Amino acid sequence: MTVVIVATLVVSVACSSSGHHGAGPTTTRAGAATTSTGAAATTSTTAAATTTTLPPVTRVTWKTCNGTDGPTDDQCATLVVPLNYANPGGQKISLALARIPATGTKIGSLITNPGGPGASGIDELDYIASLLSPSVLAHFDIVSWDPRGVDRSAAVRCESGPELDQFIHLNPAPTTQAGFNTLVTAGKAFAQGCEAMSGPLLPYVGTINTARDLDEIRSAVGDSKLNYFGFSYGTFLGTLYAGLFPTHIRTMVLDGAINPDASPIASNLEQAEGFDQELASFFAYCTGSNFCAWKPGGNLTTAYNNLIARLTAHPLAGGGGRTLGPGEAFFGVANLLYDQTSWPDLASALQAAETGDGSLLLQSSDEYTDRNPDGTYGNEIEANNAISCVDEPWPTDPAVLQQAAVTAHKDAPEFGVADLYGAIPCAFWPAPPTSQPEVVTAAGSPPIVVVGSTGDPATPYADAQALAGQLQNAVLLTRVGEGHTGYRSSACVRSYVDSYLVNLTVPPKGISCPTP
């Protein structure tokens, strides 16, 4: 089990290539940044956090990607940045970048983040570019990168493939003390593995440092002002950047927004409630559709819970000598709830499980957790935990999570406990948090566009409303409909966003867009 259900643009896409969530596990809601971004201090993004003098940034040199550093149709580069921005002359790390050059008259670079934390921006670059309109592709180099701690950029590692298999296979929502104790033991071992394999990196992989990296990237690609498009967790990264560097922005779109002022347990529960609501919408779809392959009869909530209870007691054959247990089922179902177009696949997977075949849900779980066919993993799970555990002040006593599980089960009976207990490794994390929940106003920024979807399970619409209300100069663009993020699901949203990016035309306040 990982910290949270990852929040990326499209989990199944993100996880199959890099993962996400990508490593796909839930969105975290970290708050403000440290002044120095050192390991121990936690202060506000609105403090004088940009006083450290950094050396001039050298323009990156682009070359054709070789297939390992990025897709061969794209261009790749490397940027060297400080490990610790409080000591810019000290140890350095290398960030892997990729871009798709503009096809016409270039305005600048549009730097993108697909979500996470833990997702590879390089692996998702082609997909994001496929969503963008010809006018955006004409006027911008489309740029992304693997954030620090992720994949090609000083990757955090914690456990072997077989160890991660065992970690994910555990029951994420145990009802007994013995089951909870098993999760605590596994979470502690995971944290210890991260310290043993990646200890020197752990204090510096938080989002506040990635926000500083983003400003280095802006300069290294030759832009005086930032054009940024962040999805899901990428909205939190953009929010922190706006708090640190409000006057460095030309345009910023935050789609699938996260509220930086929410406490970790509260935001975790809010997300779990979103997934419960999305699962209920899926049940309603199956009840009213002749095309839903899952027809267990009777009340579908009861049938679903009975299925989960059966595979918890007796894991299902998944093929290749593997089995589907409650952990893999949790991730497999969550993966297919991000997008309404995946509901038929979820129905087929549940129907197969009803007949004793766990292979489809296991395949979905593997996509979500970034598991490769050979049993190895990308580092999305490890990066997700490493970033999430320092981005927020999680309880250091697992018993606090166990107490909160009572409310989590009451308010989100399907996802609440499992999502909450995903934070158990953070109780033993060897690096202290570098952020706290805080209102970010980004005073002095140009208009920022926040996109929220009314039926978003991973980043609930209330978060978009909260963020747009906090930012001093923001407009909320609403998509009415199910699914995670709005730009890819609505021509109306795309039209407003594209005009903003290219022409600086800010959407009117109060706009609601239909799906599609």
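Each remark here, short or long, concerns the structure printed above.
Computed from a prediction, not measured in an experiment: that's the story for all the values here. (Residues numbered from 1 in each chain as written. Predicted model: local features only at pLDDT ≥ 70, side-chain atom pairs only at ≥ 80, totals over all residues. Heavy atoms only, no water.)

Colleague: Just to check I follow, could you spell out the pairing of strand E9 (residues 249-255) for this structure?
Modeller: The side chains of a regular strand alternate, first on one face of the sheet and then on the other. The buried fraction of E9 amounts to 7 of the 7 residues, a majority that puts the element mostly inside the structure. Bridge count for strand E8 (residues 226-231) against E9 is 6 bridges, and the pairing is parallel. Among the inter-strand pairings, tyrosine 228 is bridged to a residue of E9, identified as methionine 252. You can see the chain leave E8, run along helix H7 (residues 233-244) and come back into E9, and the turn it takes is right-handed. Of the strand pairs in this sheet, E9 and strand E12 (residues 448-455) are connected by 3 bridges, and their pairing is parallel. Counterpart to valine 253 in the pairing with E12 is valine 449. (Buried < 20%, exposed > 50% of the residue type's maximum accessible area, 1.4 Å probe, protein only. Helix = DSSP H or I, 4+ residues; strand = E, 2+ residues; numbered from the N terminus. Pairing = 2+ DSSP bridges. Right-handed = clockwise from strand over helix to strand, strands pointing away.)

Colleague: Could you clarify how one ought to interpret the environment of proline 433 in this entry?
Modeller: Positionally, proline 433 belongs in the loop between helix H15 (416-421) and E12. Each C-alpha atom of the pair proline 433 and aspartate 391 lies 5.8 Å from the other, and the pair is 42 residues apart in sequence.

Colleague: What am I meant to see in the state of the cysteines here?
Modeller: One way to say it: the disulfide is the covalent bond shared by the sulfur atoms of two cysteines. Counted under the stated rule, the structure contains 5 disulfides. Between the sulfur of cysteine 286 and that of cysteine 292 lies a disulfide, 1.9 Å long from S to S. With the S-S bond torsion at 60°, the cross-link from cysteine 286 to cysteine 292 turns out right-handed. A single burial state applies to cysteine 286 and to cysteine 292, both of which are buried. Taking only the cysteines that form disulfides and numbering them from first to last, the protein chain has the pattern 1-2, 3-4, 5-6, 7-8, 9-10. (Disulfide = S-S within 2.5 Å.)

Colleague: In this structure, what is going on with the nonpolar core? I would like to understand it.
Modeller: Among the nonpolar cores identified, the biggest contains 119 residues, and Phe282, Trp294 and Trp429 are the most heavily contacted of them. In this structure, tryptophan 429 is in contact with Phe190, Ala191, Cys194, Leu202, Asn385, Ala386, Cys389 and Val390, ignoring residues within four places of it in sequence. One finds Leu477, Val493, Val497 and Leu501 within the second-largest nonpolar core, a separate group that totals 28 residues. (Core = buried A, V, L, I, M, F, W, Y, C linked by side-chain atoms within 4.5 Å. Contact = heavy atoms within 4.5 Å.)

Colleague: Explain the sheet that holds strand E5 (residues 108-113) here, please?
Modeller: Strand-to-strand pairing in sheets goes through backbone hydrogen bonds, with the strands running parallel or antiparallel. Pairing in this open sheet of 10 strands is mixed, and the strands run E2-E3-E4-E7-E5-E8-E9-E12-E13-E14 from one edge to the other. Only two strands of the sheet have a single partner each, and these edge strands are strand E2 (63-64) and strand E14 (512-513). As defined by bridge partners, E2 adjoins strand E3 (residues 75-82) across 2 bridges and the pair is classed as antiparallel. Looking at E3, one finds that threonine 64 is bridged to glutamine 75. Strand contacts of helix H2 (residues 121-131): strand E4 (92-100), E5, strand E7 (140-145) and E8, with the helix running at about 20° to E4, the strand carrying the most contacts. On the sheet, helix H16 (residues 461-470) packs against E9, E12 and strand E13 (474-482) and is oriented at approximately 155° with respect to E12. (Axes fitted to C-alpha atoms, helices over the stretch in contact; angles between N-to-C directions.)

Colleague: In this structure, what is going on with the pattern of salt bridges? I would like to understand it.
Modeller: Two side chains that carry opposite charge are able to pair once their charged atoms sit near each other. Going through the model one piece at a time under the given rule, you end up with 14 salt bridges. Where arginine 371 meets aspartate 165, a salt bridge forms, and the shortest distance between an N and an O atom there is 2.9 Å. Placement of the pair is arginine 371 in the loop between helix H12 (359-369) and helix H13 (380-391) and aspartate 165 in helix H4 (residues 161-169), with a sequence separation of 206 residues. Under the relative-accessibility criterion, arginine 371 is labelled buried at 14%. A relative accessible area of 23% places aspartate 165 in the partly exposed class. Measuring nitrogen to oxygen at the nearest pair gives 2.8 Å for the salt bridge that ties aspartate 366 to arginine 322. Here aspartate 366, found in helix H12, pairs with arginine 322, found in strand E11 (residues 322-324); they are 44 residues apart in sequence, far enough to count as distant. The class for aspartate 366 is buried, based on a relative accessible area of 15%. Classification of arginine 322 as partly exposed rests on a relative accessible area of 22%. (Salt bridge = Lys/Arg side-chain N within 4 Å of Asp/Glu carboxyl O.)

Colleague: Would you explain unusual backbone geometry in this entry?
Modeller: Residues other than glycine predominantly adopt negative phi, and peptide bonds predominantly adopt the trans conformation. With omega at 0°, the peptide bond leading from glycine 116 into proline 117 counts as cis. Here proline 117 is to be found in the loop between strand E6 (115-116) and H2. For the bond from threonine 515 to proline 516, the omega torsion is 5°, close enough to zero to count as cis. Phi at aspartate 370 is positive, roughly 65°, even though this residue is not glycine. With respect to the element layout, aspartate 370 can be found in the loop between H12 and H13. In this structure, leucine 504 is a non-glycine residue whose phi angle is positive, near 65°.

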